[in-house]
Amino acid sequence: MISSHIAPCTDSADPAEQRRALRARTIAARQALTATHRAALMRHFETHLGELVTRLAPTTLGFCWPYRGEPDLRAWVAHWLAADASRVAVLPVVPHQAGPMVFRRWIPGMEMPLDRHGIPHPADGEPIVPDMILVPCNAFDAAGYRVGYGGGYFDRTLAVMNPVAVGLGFEFARVDDVWPQPHDRPMDWIVTEAGAFPAQTGSQPRNMR
């Protein structure tokens with residue numbers, strides 16, 4: 001049985017080492033989910049995500065191809081697209097050098113090459129700025145800060161695009177503190193199988209502009 005909460009790391013006072021250890025532990029927990037357990041979590045997860053997206057009503061939605069056991073939203077996004085012909089879904093393209101990502105249109109069933117990380121991505125198409133980005137979280141806290149993979153791509157991208165950012169993770173990845181760095185950009189919302197939660201920043205949650 002996977003714990004519903006990852007215990008904090010206590011063997012190092014170095015925030016960078018804490019984040020690396022936390023990343024490794026939550027990815028391992030995510031990849032250890034059985035197919036039955038994952039399917040049960042995803043049913044609740046998709047319900048809460050659908051309610052939030054319906055409330056905020058983006059027309060252009062950024063999401064990520066599932067990687068290392070992350071929530072797989074491909075079928076959910078395809079269903080969201082099919083409900084309204086004016087909707088657009090986009091996937092990120094990771095640059096070869098440090099910098100913000102660009103997003104290109106994704107159409108279910110389209111052919112996509114693998115990037116250098118082995119993740120499918122749209123190789124062609126004009127860059128599109130999404131209204132909302134669904135951002136995977138290896139770990140997250142109540143303030144909306146997250147642990148990604150350490151490359152800083154989402155932080156640089158959110159600083160340039162400034163969309164509504166919705167962090168996605170399972171409840172067992174919730175922690176008290178992710179030791180955010182000065183450049184880290186918090187999420188506006190966090191969605192898990194337990195619900196959709198505004199970041200606890202002391203201000204009103206950011207909605208669509």
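In this report, we go over the structure that sits alongside the text. Here the structure is a predicted model, which is why all the values come from computation and not from measurement.

Any empty space left between atoms is shown by rolling a water-sized probe over those atoms. According to the stated counting rule, one finds one cavity of 30 Å³ or more in the structure shown. Lining the largest cavity we find Cys64, Glu70, Pro71, Leu73, Leu134, Pro136 and Leu168. Looking at the lining of the largest cavity, its residues break down into six nonpolar, no polar and one charged.

The next thing to look at is the pairing of strand S2 (residues 88-93). Judged by how many residues are buried, S2 sits mostly within the fold: six of six residues are covered. As paired strands, strand S1 (residues 60-62) and S2 are joined by three bridges and run parallel to one another. What sits directly across from Gly62, in S2, is Val90. For the crossover that starts at S1, traverses helix H3 (residues 74-82) and ends in the parallel S2, the hand is right-handed. Sheet analysis places S2 next to strand S3 (residues 102-106), joined by five bridges and oriented antiparallel.

Mapped onto the secondary structure, Val102 falls in strand S3. Taking C-alpha positions, Val102 is 9.9 Å from Pro130, a pair spaced 28 residues apart along the chain. Filtering out sequence-adjacent residues up to four positions away, Val102 remains in contact with Leu91, Pro92, Val93, Pro127 and Met161.

A word on the nonpolar core. Core analysis: the largest hydrophobic core is formed by 48 residues, its most contacted members being Leu49, Trp106, Leu134 and Val166. Within the residue set of this core, elements represented by two or more residues are helix H2 (35-56), H3, S2, S3, strand S4 (132-136), helix H4 (153-161), strand S7 (164-168) and strand S8 (189-192). Counting residues per element, this core draws most heavily on H2, at seven residues. In contact with Trp106, other than residues within four places in its own chain, are Phe63, Trp65, Arg74, Val77, Ala78, Leu81, Ala89, Val90, Leu91 and Met112. One finds Leu22, Ala139, Val175 and Val178 within the second-largest nonpolar core, a separate group that totals five residues.

Taken together, seven strands build an open sheet; the order of strands is S3-S2-S1-S4-S7-S8-S9 and the sheet is mixed. In this open sheet, the two strands that pair with only one neighbour each are S3 and strand S9 (195-198). Strand-to-strand twist of the sheet, defined as the mean angle between neighbouring strand axes without regard to direction, takes the value 30°. Taken strand by strand, H2 contacts S4, S7, S8 and S9, and its axis lies near 150° from that of S8. Those strands touched by H4 are S3, S4 and S7, and its axis lies near 165° from that of S4.

Glancing now at H2. Between its first and last C-alpha, H2 extends 31 Å over 22 residues, near the 32 Å set by a 1.5 Å rise per residue. Those residues of H2 not exposed but buried are Leu41, Met42, Phe45, His48, Leu49, Gly50, Leu52, Val53 and Leu56. Considering only its buried residues, H2 is in contact with H3, S4, S7, S8 and S9. At the C-terminal side of H2, Ala57 shows a positive phi close to 55°.

A word on the packing of aromatic side chains. Inspection of the entire model under this criterion finds five aromatic pairs. Here the aromatic rings of Phe63 and Trp106 are separated by 5.2 Å at their centres, their planes lie at 70°, and the arrangement is edge-to-face. Here Phe63, found in the loop between S1 and H3, pairs with Trp106, found in strand S3; they are 43 residues apart in sequence, far enough to count as distant. Residue Phe63 shares its accessibility class with Trp106, and that shared class is buried.

Taken as a whole, the largest pocket holds about 650 Å³ of empty space. Residue lining of the largest pocket: 31 residues in total, with Val94, Arg146, Tyr149, Tyr153 and Phe154 positioned closest to the centre. Elements with a contribution of two residues or more to the lining of the largest pocket: helix H1 (15-31), S2 and H4. Class assignment of the residues belonging to the lining of the largest pocket gives a composition of 15 nonpolar, eight polar and eight charged.

Parameters and conventions
- Residues numbered from 1 in each chain as written.
- Predicted model: local features only at pLDDT ≥ 70, side-chain atom pairs only at ≥ 80, totals over all residues.
- Heavy atoms only, no water.
- 1 Å grid on protein atoms, 1.4 Å probe; cavity = no way out; pocket = protein on both sides within 12 Å on 5 of 7 lines; lining within 4 Å.
- Points joined across faces, edges and corners; volume = space filled by probe spheres on them.
- Nonpolar A, V, L, I, M, F, W, Y, C, P; charged D, E, K, R; others polar.
- Buried < 20%, exposed > 50% of the residue type's maximum accessible area, 1.4 Å probe, protein only.
- Helix = DSSP H or I, 4+ residues; strand = E, 2+ residues; numbered from the N terminus.
- Pairing = 2+ DSSP bridges.
- Right-handed = clockwise from strand over helix to strand, strands pointing away.
- Contact = heavy atoms within 4.5 Å.
- Core = buried A, V, L, I, M, F, W, Y, C linked by side-chain atoms within 4.5 Å.
- Axes fitted to C-alpha atoms, helices over the stretch in contact; angles between N-to-C directions.
- Expected span 1.5 Å × (residues − 1).
- Phe/Tyr/Trp six-rings, centres within 6.5 Å; stacked < 30°, edge-to-face > 60°.

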